[in-house]
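Chains, contacts and geometry: an overview
Chain residues, written in single-letter form:
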Amino acid sequence: MCGIVGYVGGKQAGPILLEGLRRLEYRGYDSAGLAVISPEGRLSTVKEAGKLSQLEAVLQEGMPPGTCGIAHTRWATHGAPNRLNAHPHWSRDRDIALIHNGIIENADVLRAKLSDLGYTFETETDTETVVHLIDEAFRENDTLDDAMLAALEQVEGAYGIAVVSSRDPDKIVVARRGSPLLIGIGKNGENLIGSDASAVIQHTKDVVYLDDGDCTVLTAEGYRVFHMEQGEVQRSVQKIEWDLEAAEKGGYEHFMLKEISEQPESLRNVMRGRLLEETGDARLGGITLSDEELAKIRRIIITACGTSWHAALIGEYMLEELAGIPVEVEYASEFRYRSPVLEEGTLVLAISQSGETADTLAALEEARARGASTMGIVNVVGSSIARKTDFGIYLHAGPEIGVASTKAFTSQIVALALFTLYLGRRRSLSILQGRELVAALQKLPDQVAETLELGPVTRELAAEYGDAQNFLYLGRGYQFPVALEGALKLKEVSYIHAEGYPAAEMKHGPIALIDENMPVVALAPRDSVYSKIVSNIEEVAARSGRILAVVSGDAPELIGKADHVIQVPQTVPALLPVLTTIPLQLLAYYAAIYRERDVDQPRNLAKSVTVE
Ligand code: F6R
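This is a predicted model, so every value here is computed, not measured.

**Examining the overall build of the chain**
For the chain, the count of helices and strands is 18 helices and 27 strands. Against the compact-globule benchmark of 25 Å for 612 residues, the chain has a radius of gyration of 25 Å, which places it among compact chains. Overall size of the chain, expressed as C-alpha extent along the three principal axes, is 80 × 55 × 45 Å. Sorting the 612 residues of the chain into buried and exposed places 60% on the buried side. Taking the intrachain contacts of the chain between residues at least 6 apart in sequence as the baseline, contacts between residues at least 24 apart amount to 72%. Charge centroids of the chain, computed over 58 positive and 86 negative side chains, lie 2 Å from each other.

**Topic: the nonpolar core**
Counting 96 residues, the largest nonpolar core has I300, L441, F471 and Y473 as its most contacted members. Per element, the largest residue contribution to this core is 12 residues, and it comes from helix α13 (residues 407–425). Counting contributing residues, this core receives three or more from each of domain 2 (251–449) and domain 3 (453–594). Filtering out sequence-adjacent residues up to four positions away, L441 remains in contact with M271, L275, V414, A417, L418, L421 and L575. Counting residues in each nonpolar core, the second largest holds 30 residues, with V5, V36, A199 and V207 among its members.

**Some words on the domain arrangement of the chain**
As assigned here, the chain comprises domain 1 (3–240), domain 2 (251–449) and domain 3 (453–594). One C-alpha centre belongs to domain 2, the other to domain 3; they are set 25 Å apart. Across the boundary between the two partners, domain 2 contributes 34 residues, which contact 28 residues of domain 3. In total, about 2500 Å² of surface goes out of reach between domain 2 and domain 3, with carbon and sulfur atoms giving 74% of it. The largest per-residue losses of area from domain 2 upon contact with domain 3 belong to H310, Y317 and Q447, which jointly make up 21% of the total buried on that side. For the pair domain 2 and domain 3, the interface holds 0 salt bridges. Examining the composition of the side of domain 2 that touches domain 3, we find that 10 residues originate from one element, helix α9 (residues 306–323), more than from any other. Taken together, the residues of the side of domain 2 that touches domain 3 sort by class into 22 nonpolar, 9 polar and 3 charged.

**Focus on the site of the ligand**
Near the ligand there are 15 residues, and of these S308, S352, Q353, S354 and T357 occur at the shortest range. In this structure, an oxygen atom belonging to the ligand sits 2.9 Å away from a main-chain N or O atom of S405. Computed on the free molecule, the ligand has an accessible area of 410 Å², of which 88% lies beneath the protein chains in the complex. If you list the elements that add at least two residues to the shell around the ligand, you get α9 and α16 (479–494). Taken together, the residues that form the shell around the ligand break down as 5 nonpolar, 8 polar and 2 charged.

**Section: the sheet that holds strand β20 (residues 346–352)**
Overall, parallel pairing links the 5 strands, which are arranged β19-β18-β20-β21-β22 in an open sheet. Unpaired on one side and paired on the other, β19 (327–331) and β22 (391–394) mark the two borders of the sheet. Neighbour-to-neighbour, the strand axes of the sheet open up by a mean angle of 20°, direction not taken into account. Strand direction decides the pairing type here: strand β21 (residues 373–378) and β22, joined by 4 bridges, are parallel. Bridging across to β22, G376 finds its partner in G392. The strands touched by α9 are β18 (299–304), β19 and β20; relative to β19, the strand with the most contacts, the crossing angle is about 170°. Sitting on the sheet, helix α11 (residues 358–369) touches β18, β20 and β21, and the angle it makes with β20 is about 165°.

**Section: the pairing of strand β7 (residues 157–165)**
Remark: a regular strand shows side chains that alternate across the two faces of the sheet. Within β7, 7 of the 9 residues are buried, which leaves it mostly tucked inside the rest of the structure. Bridge count for β7 against strand β8 (residues 172–177) is 4 bridges, and the pairing is antiparallel. Each residue of the ladder has a partner; that of V163, found in β8, is V173. The hairpin turn running from β7 into β8, its antiparallel successor, is 6 residues long, and D170 in that turn takes a positive phi close to 65°.

What counts, and where the lines are drawn
Residues numbered from 1 in each chain as written. Predicted model: local features only at pLDDT ≥ 70, side-chain atom pairs only at ≥ 80, totals over all residues. Heavy atoms only, no water. Helix = DSSP H or I, 4+ residues; strand = E, 2+ residues; numbered from the N terminus. Rg over C-alpha atoms; globule rule 2.2 N^0.38 Å. Buried < 20%, exposed > 50% of the residue type's maximum accessible area, 1.4 Å probe, protein only. Contact = heavy atoms within 4.5 Å. Lys, Arg positive; Asp, Glu negative; His and termini not counted. Charge placed at Lys NZ, Arg CZ, Asp CG, Glu CD. Core = buried A, V, L, I, M, F, W, Y, C linked by side-chain atoms within 4.5 Å. Domains from an automatic or database assignment. Buried area = accessible area lost by both parts, 1.4 Å probe. Salt bridge = Lys/Arg side-chain N within 4 Å of Asp/Glu carboxyl O. Nonpolar A, V, L, I, M, F, W, Y, C, P; charged D, E, K, R; others polar. Near = heavy atom within 4 Å. Polar contact = N/O pair within 3.5 Å; in protein donor to acceptor, adjacent residues only side chain to side chain. Areas by Shrake-Rupley, 256 points an atom, 1.4 Å probe, with all protein chains shown as cover. Pairing = 2+ DSSP bridges. Axes fitted to C-alpha atoms, helices over the stretch in contact; angles between N-to-C directions.

Take a look at the structure:
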């Protein structure tokens, strides 16, 4: 949510910043801008409302010259998404420019204080207060770094901030509290900053993830990191584990379709080196607890948001069924604001693709404060959640850039299956059951590849049903969270209203909605509740609902009842969600294409929700 990139070095900063913004646009796309310091020491700022293409069009007429600059792509929180509110924001003499991701919570107090000092405000943003505070602090400080530090002492809230100034040129000054930032260590007298690795990957794979409270001064020659309370600190250099190609569309029309298609590979990656055939077990190097410590876990609370929350629900079913441990699933945004009872022996597991979701991070902090041990299932290496949990499992799914989460979801389910195996084998899961799950996991990537062949079928269905106003998704047991996820995907990218429901709940209300205009996606693979969902399908058919049934293997019981039968391969019930999700992802994608929606940049959304 909001992308930040900065460059200082020997090359022209403008084209590098623009390239960085292109890679970051998935984090926010309602306006964009950049600021560059010219060789004569003049600060030029260009910004535009709308998608990045609007800014690009303006910059085609002339890119501001200079080798040091910062750029931002915005997802509006305070103030309308117009040109004035776009970042960078500048000081009254236009000699300081600042970009910001996060929320300044005491912006109103700061505004009043700065107004008393004679500052006038051009924008409706919370961010503008910070640039004026730095301006004010420059009266008593000689360097931009000192001025920024003095200003931040008055700021409450969450921020990732980057500042440049013609009063102290050739450097970028950066601070982080709550919003992700990293340094990209360039090779030939250049350095970069980014809100995520995709901003810098074209130039370097060596990065330093900043911690909360860290500030850095970046020049062409190097960087210094100092913590606001601890003074100068050393932060380790880490390697980005994926290549530039992973962050590009690679011939696909959209990132969403690319990422759906990548799932056989992303699933191989989450399992690589982790399956133990012989003992029916999992090897999880990231779980640093001893068997004795594991035995002390008596209850697990899984916390997450959105799609990751749906994966958490599947994890609840798996862990309870196969590892015999009580599990509760909580929306992170709810967990953090109530008073959860975390008695001894509670493990809090946070699931997050980005590792930066503000609510999940806050829930985790709440759990830590209450003394719970914490675990993460996270995709982005080095992200805040990955670093704040005691131990965890990385997904290794590669960058997920499509705003609608797809490959991360199926990898999360598999990571949860690995954890279930690991925990289960140290509790009640027999070696035979363990081996059965391992064998099913091994087959899964090829089965996903087979399922992806449903592309043309789902495309036809999307054209047939793409004009519907509403969709209902029904599932039971392991398929209930899949129904929720299918409905969420359709809503997000096609803007068709859709609801996911436990199939048996339908008769307690939603059945009133069923008529010949209501497409109902019924998840009916062969599992222990197959006959029950068949009955639910009959209830829909009796009321003329249009039924799209997702089945595994043959489903003769549905002949004459379902209007369409979509077949996926058979696997164990716990892993069926991976396969039944694939046609729902494709249906959502093709429905969005049919309705001519912007699949990778759906309205009002942005990847990685780093604000509350
Ligand atoms: C839906 C989607 C969101 C995210 C949610 C959590 O397609 O992408 O619902 O799943 O914002 O994000 P992470 O997993 O990054 O914590």
